[in-house]
Amino acid sequence: MPSPDGVNSDAPGRDGVTTDAHNPDRVPTDVPGPGFAGAGEVRSGGGARLGAGGGGPEATVAWRVPAALSARVPAEQRGSGREDVRLLVSRGCAVSHHAFRGLPGQLRAGDVLVVNTSMTLPAAVNGRVGGERVVVHFSTRGEDGRWAVELRAPGGPGVTGPRPGGPAGAVVRLPGGRALVLEEPLGPSAGSRLWWARAPEPVPELLRRYGRPIRYGYTERDQPLSAYQTVFAAPSPDGSGSAEMPSAARPFTAALVAELVRRGVLFAPLSLHTGVASAEVHEPPYPERFAVPAATAWLVNAVRAARGGDLASGGRVIAVGTTAVRALESAAGDDGVVRPAGGWTDLVVTPRRGVRVVDGLLTGLHEPQASHLLMLEAVAGREALRRGYEAALRERYLWHEFGDVHLILPDEERNAPNCSSNEW
C-alpha cells in the first residue's frame, strides 16, 4: 500500500511503478496550477478566479468561474442525452465548439482512445463517532485489506463539509451494527483528511447495502449510482472501484462507441481506481491502484510505431480522462514504450516531466487550483490551455462531472505558430 507520506512503498503484490521521494515526477503540495492561481474555489458556490502568477513567471489574464457554470444535474435530466453535452476542441491554439455526439468527426481511423474501466462505488456511508454524526467516504482499498477513508461533517441535504481527521483508535459506527476503526493517517497527522481504517467485513458488500455515490454541494440533488457509471465500467474481481467517477468518459454511449468503431477508431482499456478528491484544498492526488494490461500496451505501442514520426497522418494516442493519462504514463519507460504494469502509482504529470505516450486528452473542465491543470498543460502547452479555458468561460461551458468536456489535440499544421511550450 502507499506509505503514509504518499510515496510508494515496497508493499507485497505490487509489480508496477515505484518512485522515491526525490523523483522529479512528484509535485510538492505547495505547487499551484499552471499559471492559474486562484482565490476561492468553484465548489463553494462563490465562483473562483484563475489569475496571474501561480505555476510560472508569465502573468495570464485573470478570470472567474461563476457558480452558475456548475452542472447541477446530469445532461439527460437537462432535456438531452449524455452525448449532447458540449465539446470544446483545442487543436494547438485553435479552438472550436461542438456537441459531443460529433466526436467521430474530430477523430480519424487509427486513433486509439485509452479508457478507464473502473466502476464507480457507492462510496458514501452514514456513521457516528461517539455522539457525532459523520459521513464516511471510502477512498482506496489497501493491499492489507484496510481502506483509506475520509470522515466528513453532514451539511445541507445530501452534502458534507470538511472535518478534522482521526483520531487514531476512533470507532466509527456504521449501519447494520457494523463499525470500522481508524488506525493511522495517510499523511502528516496534523490535519490529515485520509486515514487507514479496518472494517470487520468486506467493504464492497457494505457499500452495496448502505452506500450512495459521493455528492458535492454544487449538485442539485442525489442521483442514482447509474448516473455515475460510464459505458466502459466493468467489475473488479475484488470489488474495488473508484470513489469518484472517471467522468471524462461519461458522455459516451454504446451507440457512439459503435459509430467510432465503425469509423476505425480503436479502444484500449486500462484501470485506475480514483480516490476521494480534496474538495477544499486541491492537494495533489494520492497514490492510486492501476493496471495496464498487455493488450493495451501492445496496441498503444503498435499505433505509435506505425505512424513513425508523422503525427499528422498516423494514429494518435488519446487518453479519455486524467486517470487514463496517469495510468498509461505510469506504465511508460523513458523510451516511451508502454509495458504491462500494475500496482500503485504516485506519478503526478507536470509540464516539467511532460508526457511520453499521450498525444491528446479528452477531459472535463477543472477548477483553477486543481493539480489536474498541470497535466493538461503538459499535454497542450500553457498558451493553448489558456485560450481553451478563456473560450470555455466566454461560451459558458459547464464544469464538473455532469458538465461539458474538452478535447485537446496536437497542432499538426507544420507552419502553425508554436504555442505548445510547457516549461515553467
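Residues numbered from 1 in each chain as written. Predicted model: local features only at pLDDT ≥ 70, side-chain atom pairs only at ≥ 80, totals over all residues. Heavy atoms only, no water.

Peer 1: Would you take a moment to explain the confidence of the model for the protein chain for this structure?
Peer 2: In low-pLDDT segments, the atomic positions of the prediction should not be examined closely. For the protein chain, the average pLDDT comes to 81, and 80% of its residues sit at 70 or higher. Every residue in residues 1–62 scores below 50 in pLDDT, and together they form 163 contacts with partners more than four places removed in sequence or on other chains. Taken as a whole, residues 420–424 scores under 50 in pLDDT and shows 19 contacts with residues more than four places along the chain or in a different chain. (pLDDT = per-residue confidence, 0-100. Contact = heavy atoms within 4.5 Å.)

Peer 1: What should I look at first to understand helix 3 (residues 294–307) in this one?
Peer 2: For an α-helix, 3.6 residues make a turn, and residues three or four places apart therefore share a direction. Taking 1.5 Å per residue, 14 residues should reach 20 Å; helix 3 reaches 20 Å between its end C-alpha atoms and fits that length. Taken residue by residue, helix 3 has Thr296, Ala297, Leu299, Val300, Val303 and Arg307 as its buried positions. Relative to the axis of helix 3, the buried residues are bounded by an arc of 170° and lie together on one face. Opposite the packed face of helix 3, turned more than 90 degrees from it, sit the exposed residues Ala295, Trp298, Ala305 and Ala306. (Helix = DSSP H or I, 4+ residues; strand = E, 2+ residues; numbered from the N terminus. Expected span 1.5 Å × (residues − 1). Buried < 20%, exposed > 50% of the residue type's maximum accessible area, 1.4 Å probe, protein only. Arc of directions from axis to C-beta.)

Peer 1: How should I be thinking about the packing of helix 5 (residues 372–380) against helix 6 (residues 382–394) in this particular structure?
Peer 2: Each pair of packed helices gets described by two things: the angle between the helix axes and the distance between those axes. Packing of helix 5 against helix 6 leaves a shortest axis separation of 7 Å and a crossing angle of 115°. In this structure, the crossing between helix 5 and helix 6 has a hand that is right-handed. Where helix 5 abuts helix 6, its residues Leu373, Leu376, Glu377 and Ala380 lie against Arg382, Ala384, Leu385 and Tyr389. A breakdown of the residues in the contact of helix 5 with helix 6 according to their chemical character gives six nonpolar, no polar and two charged. (Axes fitted to C-alpha atoms, helices over the stretch in contact; angles between N-to-C directions. Left-handed = near helix turned anticlockwise from the far one by under 90°. Nonpolar A, V, L, I, M, F, W, Y, C, P; charged D, E, K, R; others polar.)

Peer 1: I'm lost on the pattern of salt bridges in this one. Help?
Peer 2: Close approach of charged atoms allows side chains of opposite charge to pair. A complete count under the given rule lists 27 salt bridges for this structure. Between Asp238 and Arg289 there is a salt bridge whose closest N-O contact spans 3.2 Å. Highlighted residues: Asp238 in the loop between helix 1 (203–210) and helix 2 (254–262) and Arg289 in strand 14 (residues 288–292), separated in sequence by 51 residues. For Asp238, a relative accessible area of 32% translates into the label partly exposed. It is possible to trace a salt-bridge network through shared partners that takes in Asp144, Arg146, Glu183, Glu184 and Arg198. (Salt bridge = Lys/Arg side-chain N within 4 Å of Asp/Glu carboxyl O.)

Peer 1: Is there a simple way to explain the packing of helix 4 (residues 322–330) against helix 5 in this structure?
Peer 2: Following both chains from N to C, one finds helix 4 and helix 5 inclined at 70°, their axes separated by 11 Å at the closest point. When the axes of helix 4 and helix 5 are compared, the pair comes out roughly perpendicular. As helix 4 packs across helix 5, the resulting crossing turns out to be left-handed. In contact with Thr322, Val325 and Arg326 of helix 4, helix 5 contributes His372, Met375 and Leu376. (Parallel < 35°, antiparallel > 145°, perpendicular 65-115°, else oblique.)

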